[in-house]
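Examination of the molecular architecture
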Protein chains: 2
Amino acid sequence: MKYTGNYVAPTLTVDAVLFQLINNELNVILIERPNDPFKGLWALPGGYNPVGETTHDALQRIVQEKAGINIDKDLSYIEQLYTFDTVARDPRGHAVSVTYMGCGRNIEWTKSEAHTASFAVSSLPKTAYDHTDIIRYAHERLIAKLSYTNAIYAFLPQKFTLTELQRAYEAILVRPLDKRNFRKKFLGLNLIRETDEMKREGAHRPARLYMFNSSTLETLDRSFE
Amino acid sequence: MKYTGNYVAPTLTVDAVLFQLINNELNVILIERPNDPFKGLWALPGGYNPVGETTHDALQRIVQEKAGINIDKDLSYIEQLYTFDTVARDPRGHAVSVTYMGCGRNIEWTKSEAHTASFAVSSLPKTAYDHTDIIRYAHERLIAKLSYTNAIYAFLPQKFTLTELQRAYEAILVRPLDKRNFRKKFLGLNLIRETDEMKREGAHRPARLYMFNSSTLETLDRSFE
C-alpha cells in the first residue's frame, strides 16, 4: 500500500531553545534573521528537517552550522520539548516544528557569527514566528522540571555552594526564595552531597562546596511507599 | 525566501495511545491492520497528517473515523506525548509520528468495527511499526506523571473509595502498594476530599467515598518554600 493518492506533507522543521544562566539570569540563544520572512527579527537556532534525517540529527547539523554549537557536546542536557504545528505559524506555508530544550553552562557560540546573541528570557527582543511562545513554553517546562527532577545540575559547575544553588533556582523561578526553607527542603531531597572543599564568597566566611550525586537527569522519588 | 531548492519533507503521521483500566489492568486500544505493511498486526489508532491540518485536528478526525472515539469528548485527558522519527520505522519511507497519550474511563469504540480491540499493556499482541515502543514510552510517562500530578483522576469515577484509588495506582505501577503507607502519603498530598457518601464493597463495612479537588490535570507543589 502506497501513500494515499494526493497526500502532501507539511514542511518539517526543528528548533532549539538553549538555556544557560548569565549573571544570575536565565538566558536563551537567538539568531538574527538575515532574510525574509521576519528579516531582522530574532529566531531560535533551527531549520528544515528533510526526509531521511531524524530530528536530533537535523538539529545537530543545523545548530552546528548556524551557531557553532554542538548540541551533544556543548550542553549538559537536551530533551525533545514539544511539536508546534499551528497552520499559520510560518507565512510561507504550514511548517510543523519539533522543538528541543537544551541546558548548559558557558555555552559558546561562534564569535565570528555576528548574528548570534544571548538574551535574558525576561527581556526578549522581537522574535520571528511563534518563537516567543516556544521560549515561554520551554521556561514553564523547565520550572516544572525543577520541582520533580535534579535538572538544576545542568546550569551549575561540578562543585557549587548552597548560595550558588539558590541563586540558580531563583533565576529560573524568577522570584526570591527564603534561604532557610530552601536549604532545609532541598537538602531533604538527598540530591547533593558535601565535598571536603570550601569556597570564599566576597567578605563572608568560606562556604562549603557541594556536588550532585548524579550528573544525569533523575526524577525524584515519590513512591507512596 | 522560498523553501530551499530540493527540500522534501518526511511524511507526517499522528498516533494515539488511549489508556483505560479494565478489570484492574491498564489497557490500550489497538486496531488490526487490514492491509500491508504489517497486515493482520495491531496498531495504534492513527494515520496521515496532511499539510493544513494541525496534529490535534488530524488525530481527532482519524480516531473518530477509525474507532468511533471522540478524543475531545470521550477521554478525561489527552496530551502530546512525543514525536517518533527514526528513518526506518515505516517500511514505505521516512514517516515522523507525533503521538498523543489519552486517558479515560469506559472509553467505547464503535462496536460494528470488528478490528478494534482493547489489550492489557502487560500482554500486548504483535504490533505494527514501533508501536510497542510507543506504548512502553507512554506507560513510563504515565507512571512518572502519577508521582508529580493528580493524573490518576482520569481513570477513576467522580466518587471513589481509597481502595479503588489504590487499585488504580497498582494497576498502572504494576506492583502492589502497602495500604497504610499509600493512604498516609496520598492523603498528605491534599489532592482529594471526603464526601458524605459511603459505598459497600463486598462483605466489608461501607467505605467512605472521596472526590478529587480538581478534575483537570494539576502538578503537585514542591515549592521549596
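The structure presented is a predicted model; accordingly, all values stated were derived computationally and were not measured.

**Observations regarding the nonpolar core**
Counting 43 residues, the largest nonpolar core has Ile69 of chain A together with Ile69 of chain B as its most contacted members. Secondary-structure elements contributing two or more residues to this core are β1 (11–22), β2 (25–32), α1 (55–67) and β6 (95–103) of chain A together with β1 (11–22), β2 (25–32), α1 (55–67) and β6 (95–103) of chain B. Filtering out sequence-adjacent residues up to four positions away, Ile69 of chain B remains in contact with Leu18, Ile29, Val63, Gln64, Asp74, Ile107, Glu108 and Trp109 of chain B.

**Considerations on the side chain of Thr127 of chain B**
Secondary-structure assignment places Thr127 of chain B in the loop between β7 (116–120) and α2 (131–148). Dropping the residues within four chain positions of it, Thr127 of chain B is found in contact with Leu30, Leu41, Trp42 and Thr132 of chain B.

**Looking at empty space enclosed by the protein**
All chains considered together, the criterion is met by one cavity of 30 Å³ or more. A volume near 30 Å³ is recorded for the largest cavity. Forming the walls of the largest cavity are Pro10, Thr11, Leu12 and Val96 of chain A together with Pro10, Thr11, Leu12 and Val96 of chain B. Put simply, the parts of the chain that give the lining of the largest cavity at least two residues each are β1 of chain A together with β1 of chain B. The class makeup of the residues in the lining of the largest cavity is six nonpolar, two polar and no charged.

**Some thoughts on the environment of Arg136 of chain A**
All names here are of chain A. With respect to the helices and strands, the residue Arg136 is situated in helix α2 (residues 131–148). Sequence-wise, Arg136 and Leu187 are 51 residues apart; in three dimensions their C-alpha atoms are separated by 29 Å. Look past the residues within four positions of Arg136 in its chain and what remains in contact with it is Val121 and Leu124.

**Considerations on the layout of surface pockets**
Put simply, the largest pocket is a space of about 950 Å³. Around the largest pocket, the lining is made up of 29 residues, and of these Arg141, Lys145 and Tyr148 of chain A together with Arg141 and Tyr148 of chain B lie nearest the centre. Secondary structure elements with two or more residues in the lining of the largest pocket: β5 (77–84) and α2 of chain A together with β5 (77–84) and α2 of chain B.

**A word on the domain arrangement of chain A**
All names here are of chain A. Each assigned domain of chain A is listed with its residue range as follows: domain 1 (11–147) and domain 2 (157–212). Put simply, the middle of domain 1 and the middle of domain 2, counted by C-alpha atoms, are 29 Å apart. Opposite the nine residues of domain 1 that make contact, domain 2 presents eight residues. Taken as a group, Leu21, Asn24 and Leu146 account for 56% of the area that domain 1 buries against domain 2, more than any other trio of residues on that side. Scanning the region where domain 1 abuts domain 2 turns up zero salt bridges. In this assembly, domain 1 and domain 2 are joined by two residue pairs in polar contact (both at pLDDT 80 or more). Of all the elements, α2 adds the most residues to the side of domain 1 that touches domain 2, at four residues. Considering only residue class, the side of domain 1 that touches domain 2 consists of five nonpolar, two polar and two charged.

**Things to note about the relation of the copies chain A and chain B**
When chain A is fitted to chain B, the best match, at an RMSD of 0.0 Å, comes from turning it 180° and sliding it 0.0 Å along the axis. Taken together, these values place the two copies in the relation of a two-fold axis. When the interface residues of chain A are mapped onto chain B, 100% of them again lie at the interface, so the same face is used by both copies.

**Let's talk about unusual backbone geometry**
Residue Asp36 of chain A is joined to Pro37 of chain A through a cis peptide bond whose omega torsion reads -5°. Within the secondary structure, Pro37 of chain A sits in the loop between β2 and β3 (42–43). Despite not being glycine, Asn23 of chain A has its phi angle at roughly 50°, a positive value. Tracing the sequence through the fold places Asn23 of chain A in the loop between β1 and β2. The residue Phe38 of chain B is not glycine, and still its phi comes out positive at about 65°. Its location among the elements puts Phe38 of chain B in the loop between β2 and β3 (42–43). Residue class for Phe38 of chain B comes out partly exposed when judged on its relative accessible area of 27%.

**Some words on the interface of chain A and chain B**
If you look at the interface, chain A gives 51 residues, while chain B gives 52 residues. Carbon and sulfur atoms supply 58% of the area buried between chain A and chain B, which totals about 4,800 Å² over both sides. The tally of links between chain A and chain B comes to zero salt bridges. For the interface between chain A and chain B, the tally reads 13 residue pairs in polar contact (both at pLDDT 80 or more). At the level of elements, β1, α1, β5, β6, α2 and α4 (179–188) of chain A are the ones that each hand at least two residues to the side of chain A that touches chain B.

**Quick look at α1 of chain A**
All names here are of chain A. The end-to-end C-alpha distance of α1 is 17 Å, a good match for the 18 Å that 13 residues give at a rise of 1.5 Å each. Inspection of α1 places Thr55, Ala58, Leu59, Gln60, Ile62, Val63 and Ala67 among the buried residues, and these make up the whole buried set. On its buried face, α1 sits against β1, β2, β4 (46–48), β5, β6 and β7 (116–120). Following α1 by one or two positions, Gly68 has its phi on the positive side, about 70°.

The rules we used
Residues numbered from 1 in each chain as written. Chains lettered and ligands numbered in written order. Predicted model: local features only at pLDDT ≥ 70, side-chain atom pairs only at ≥ 80, totals over all residues. Heavy atoms only, no water. Core = buried A, V, L, I, M, F, W, Y, C linked by side-chain atoms within 4.5 Å. Buried < 20%, exposed > 50% of the residue type's maximum accessible area, 1.4 Å probe, protein only. Helix = DSSP H or I, 4+ residues; strand = E, 2+ residues; numbered from the N terminus. Contact = heavy atoms within 4.5 Å. 1 Å grid on protein atoms, 1.4 Å probe; cavity = no way out; pocket = protein on both sides within 12 Å on 5 of 7 lines; lining within 4 Å. Points joined across faces, edges and corners; volume = space filled by probe spheres on them. Nonpolar A, V, L, I, M, F, W, Y, C, P; charged D, E, K, R; others polar. Domains from an automatic or database assignment. Buried area = accessible area lost by both parts, 1.4 Å probe. Salt bridge = Lys/Arg side-chain N within 4 Å of Asp/Glu carboxyl O. Polar contact = N/O pair within 3.5 Å; in protein donor to acceptor, adjacent residues only side chain to side chain. Least-squares fit on C-alpha atoms with pLDDT ≥ 70 in both. Expected span 1.5 Å × (residues − 1).

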